[in-house]
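Structural features, examined
Spelled out from the first residue to the last, the chains are:
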Amino acid sequence: MALVELRNVSKIYHLGGEEIRALDDVTLDIDAGEFISIIGPSGSGKSTLMHILGCLDSPSKGTITLDGTMIHNASARQLASIRNQKIGFVFQFFNLLPKLNVLQNVELPMIYSGISGKERKERAMAALKLVDLENRSKHRPMQLSGGQQQRVAIARALVNSPKIVFADEPTGNLDSHTGEAILNLFYKLSKEGRTIALVTHDPEIAAVTPRRIEIRDGKIAKNVDNKLAGLGGTSKFVIKE
Amino acid sequence: MNLWNAITIGFKEIYANKFRSLLTMMGIILGVSSLVAMSALVKGMENGMKEALVAIGGLEKVRIEEEDIPAWQQHLADQAVGCTMNDVYGLQQSAPLVKLITPEMRMRPVLLSKGGRNFTPWNLMGTWPSALEMNEHVVQYGRMFNDLDNEFSRNVCVIGSSTRDALFGSPEKTGREINPVGESILINHQPFKIIGMFQHYESEQDRKMRAQAELLNQQGGTNKSKVNPSSANRRGSSYVFELKNSTVYMPMNTMWIKFKAGGGTNGVPDPRLSGVSVKVRSIELFELALQQARNVLMSTHKGIEDFTFRTQENWSESISASIKNARMSGGIISAISLLVGGIGIMNIMLASITERVREIGIRKAIGATFFDVFVQILVESVVIALIGGLAGLFTSNLLVKLLVVISPTDNTPVITFESMLMAFGSSVAIGIIAGFIPALKAARLNPIQALRYE
């Protein structure tokens, strides 16, 4: 059984009597340990797909199973708990809390899962070590560079050992050099066995991932394995194996 | 997320916006301190009035006085005898619920003189030695007259401090306390010997002011401006004490034989008493005792209702009513200011969550539930109210001190524990109510929209 199973998922909005299908009958499996990218132009429905996969939103139709749990009809409270325990988010604008220091930002998800202070600190430090920022734990996010902030955000996403990490345009707000470092970090984490889904509009980034899912008009247009298709080398980003 | 975390976050948030939080708290601080100060003022008023009530003999005291004959008994008017010693003896023998009986025979007009000085006391009367206990008098110099003085109708009198001040000089003017015991004075041209003097009665406030004035005079030895406590402050309940100081007692029989039996101005002996004071055995039996006394008096007055009971109850009722009014109006005004404080909190919390939509979105995305966000915002509002309430309790002390300085009242305001508890409790309640709507609004935010919010 796959880690994530989408079956005939649709998301329909009603705007002024007009029906908009942001997602239209999407069926998709993501296996544990996969490194995939969800690519598509703006307005294609990729963000909606990520929101539904990330339990931030519920589908209008269809069923979703995450790690064996049905989530398409879960309550808000259950969704919050699933987001907390099984899902990590990395955003384009980092979304760190400016009033908290780096360590406190990384601790935040564990506060909501009720982990005691001492364990919280240990695990947050371990996660910061993973992204090579353990010596910045007392800094404020504003005192760090963009790339460092994004690494803090990644540490925060990983700290509760989620089943899957969603990264929404993680390099979109960074220069290409820093972006490359972040992609390398994702690649390294993927090698360590984590399941990661990158959401992007940039084919160069999507080309980094072994599998890519292209969304157009709310439907999956292609479901291509980059390496099998011989596209692995087309990215401008250099991934260090 | 447990409550402790929520409280920690609340404190951090307030600390991060120190100035704004302080301004918000100001409303609560003022509300709480005005509530406490108001109730302290009312409490002081109440204490002053109770003090005065005790000074005039307490609630158990009842005065029996002559009253106009009711219309339906007018035809018996020539039979009416008024209050006499018969009433006193009748009550003594037949009204066991009355524990203390004092006849009062007043004389007016009256003139006391010593040397070239004259004085007209407010109350000069012939009475029994029990008047001492009846009217809560304390003898400072000499003694009260006794039954023998009464029996032999001796020309002796016991005076209050006003008489001494007028005839011999007050301590403020002469600089020393004069003991008039043993001196001879004329009461309506008859020589009397002063055998005792009551202590000087004054309210708590007057006593304090006098002590202060004395201290001032001692320190600045050349300070000529004399502060007269009783004239500096004639408002409120202090008139009760002044009247009490202006009392002269002489034995009942002396009054009767020397002034009334020989005929007054028109030559007819007048055996009527100006009144009879009684004290009932206990306040619980008040109504019963009154009924008993009434039965006795109906007999001694031959069924003619030419007497009435003057109780302190009316007075005490009007005290309670005015205190209730003061408490009510003060309470409403303070409650309004507390409410304004609450509205301030709500306003600032709404502004704060609008500012922090993105933060709330982030928190929700990483797993905060509806309840987590709700509690976080609510705790913040309660913490503001809580700190404001505590600071308000502190400020209320200063406020009361300030009020005492700028408006010297008769009564020292008293801050009670209950009022502090009440004010603090309402500030916390206001915090909860004010935080409720903003917390609900924050908790209901959709995480996707909140994350997109700029």
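Residues numbered from 1 in each chain as written. Chains lettered and ligands numbered in written order. Predicted model: local features only at pLDDT ≥ 70, side-chain atom pairs only at ≥ 80, totals over all residues. Heavy atoms only, no water.

One widely used convention gives an interface's size as the accessible area the parts lose upon coming together. Domain boundaries assigned for chain B yield domain 1 (3-53 + 323-452) and domain 2 (105-203 + 238-272). Each of domain 1 of chain B and domain 2 of chain B has a C-alpha centre, and these two points are 59 Å apart. (Domains from an automatic or database assignment.)

On to the interface of chain A and chain B. With 21 residues of chain A at the interface, the matching set in chain B holds 24 residues. Put simply, chain A and chain B have one salt bridge between them. B:Glu13 is the salt-bridge partner of A:Lys99, the closest N and O atoms lying 2.6 Å from each other. Taken together, chain A and chain B are joined by five residue pairs in polar contact (both at pLDDT 80 or more). Looking at the side of chain A that touches chain B, the elements that each hand over two or more residues are helix H2 (76-86) and helix H3 (102-112) of chain A. Looking at which element gives the most residues to the side of chain A that touches chain B, the answer is H3(A), with five residues. Residues belonging to the side of chain A that touches chain B are distributed by class as follows: 11 nonpolar, four polar and six charged. (Contact = heavy atoms within 4.5 Å. Salt bridge = Lys/Arg side-chain N within 4 Å of Asp/Glu carboxyl O. Polar contact = N/O pair within 3.5 Å; in protein donor to acceptor, adjacent residues only side chain to side chain. Helix = DSSP H or I, 4+ residues; strand = E, 2+ residues; numbered from the N terminus. Nonpolar A, V, L, I, M, F, W, Y, C, P; charged D, E, K, R; others polar.)

Let us now look at the pattern of salt bridges. All names here are of chain A. Applying the stated rule across the entire model yields 33 salt bridges over all chains. Here arginine 21 makes a salt bridge to aspartate 24, at a shortest N to O gap of 3.4 Å. Aspartate 67 serves as the salt-bridge partner of lysine 86, at 3.5 Å between the closest nitrogen and oxygen. Of this pair, lysine 86 sits in helix H2 while aspartate 67 sits in the loop between strand E4 (61-66) and strand E5 (69-70), and the two are 19 residues apart along the sequence. For aspartate 67, a relative accessible area of 30% translates into the label partly exposed. (Buried < 20%, exposed > 50% of the residue type's maximum accessible area, 1.4 Å probe, protein only.)

Residue and element names in this part refer to chain A. The strand order across the open sheet built from four strands is E2-E1-E4-E5, with neighbouring strands paired in antiparallel fashion. On the outer flanks of this sheet lie strand E2 (18-30) and E5, each paired with one strand and no other. Direction of pairing for strand E1 (residues 4-15) relative to E4: antiparallel, over a ladder of five bridges. Paired with valine 4 across the bridge in E4 is leucine 66. Docked against the sheet, helix H1 (residues 46-53) engages E1, E2 and E4, running at close to 120° with respect to E1. (Pairing = 2+ DSSP bridges. Axes fitted to C-alpha atoms, helices over the stretch in contact; angles between N-to-C directions.)

Here we take up the pairing of E2(A). Residues and elements named next belong to chain A. Judged from the nine bridges that link them, E1 and E2 form a sheet pairing that is antiparallel. In the strand pairing of E2, leucine 6 is matched with leucine 28. Between E1 and the antiparallel strand that follows it, E2, lie two residues; glycine 16 among them carries a positive phi value of about 55°.

On to unusual backbone geometry, then. Residues B:Arg108 and B:Pro109 are joined by a peptide bond in cis, for which omega reads -5°. Among the secondary structure elements, B:Pro109 is positioned in the loop between strand E2 (98-106) and strand E3 (112-114). For A:Asp25, which is not glycine, the phi torsion reads 55° and is therefore positive. As for its placement among the helices and strands, A:Asp25 is situated in strand E2. Owing to a relative accessible area of 44%, A:Asp25 belongs among the partly exposed residues under this scheme.

Let us now look at the packing of helix H5 (residues 146-158) of chain A against helix H6 (residues 176-191) of chain A. Residue and element names in this part refer to chain A. Running from amino to carboxyl end, H5 crosses H6 at an angle of 20°, the nearest separation of the two axes being 10 Å. By the angle between their directions, the pair H5 and H6 is classed as roughly parallel. Both H5 and H6 take part in a crossing whose hand is right-handed. Residue-level contacts link Gly147, Gln150, Arg151, Ile154 and Leu158 of H5 to Thr178, Ile182, Leu185, Phe186 and Leu189 of H6. Residues of the contact of H5 with H6, tallied by class, amount to six nonpolar, three polar and one charged. (Parallel < 35°, antiparallel > 145°, perpendicular 65-115°, else oblique. Left-handed = near helix turned anticlockwise from the far one by under 90°.)

We now examine the nonpolar core. Within the largest apolar cluster, 77 residues are counted, with the highest numbers of intra-cluster contacts made by A:Val4, A:Leu6, A:Leu49, A:Ile87, A:Phe89, A:Ile164 and A:Phe166. Broken down by element, the residue count for this core peaks at 11 residues, all from helix H15 (residues 370-406) of chain B. Counting 45 residues, the second largest nonpolar core, distinct from the first, contains B:Leu124, B:Ile178, B:Phe192 and B:Phe286. (Core = buried A, V, L, I, M, F, W, Y, C linked by side-chain atoms within 4.5 Å.)

With that settled, consider H6(A). Residues three or four positions apart in an α-helix share a direction because the helix packs 3.6 residues into each turn. Residue and element names in this part refer to chain A. Here H6 contains 16 residues, and its C-alpha end-to-end distance of 22 Å stays within 8% of the 22 Å for a straight helix at 1.5 Å per residue. Within the sequence span of H6, burial applies to Gly179, Glu180, Ile182, Leu183, Asn184, Leu185, Phe186, Tyr187, Leu189 and Ser190. A positive phi of about 105° marks glycine 193, the residue just after H6. (Expected span 1.5 Å × (residues − 1).)

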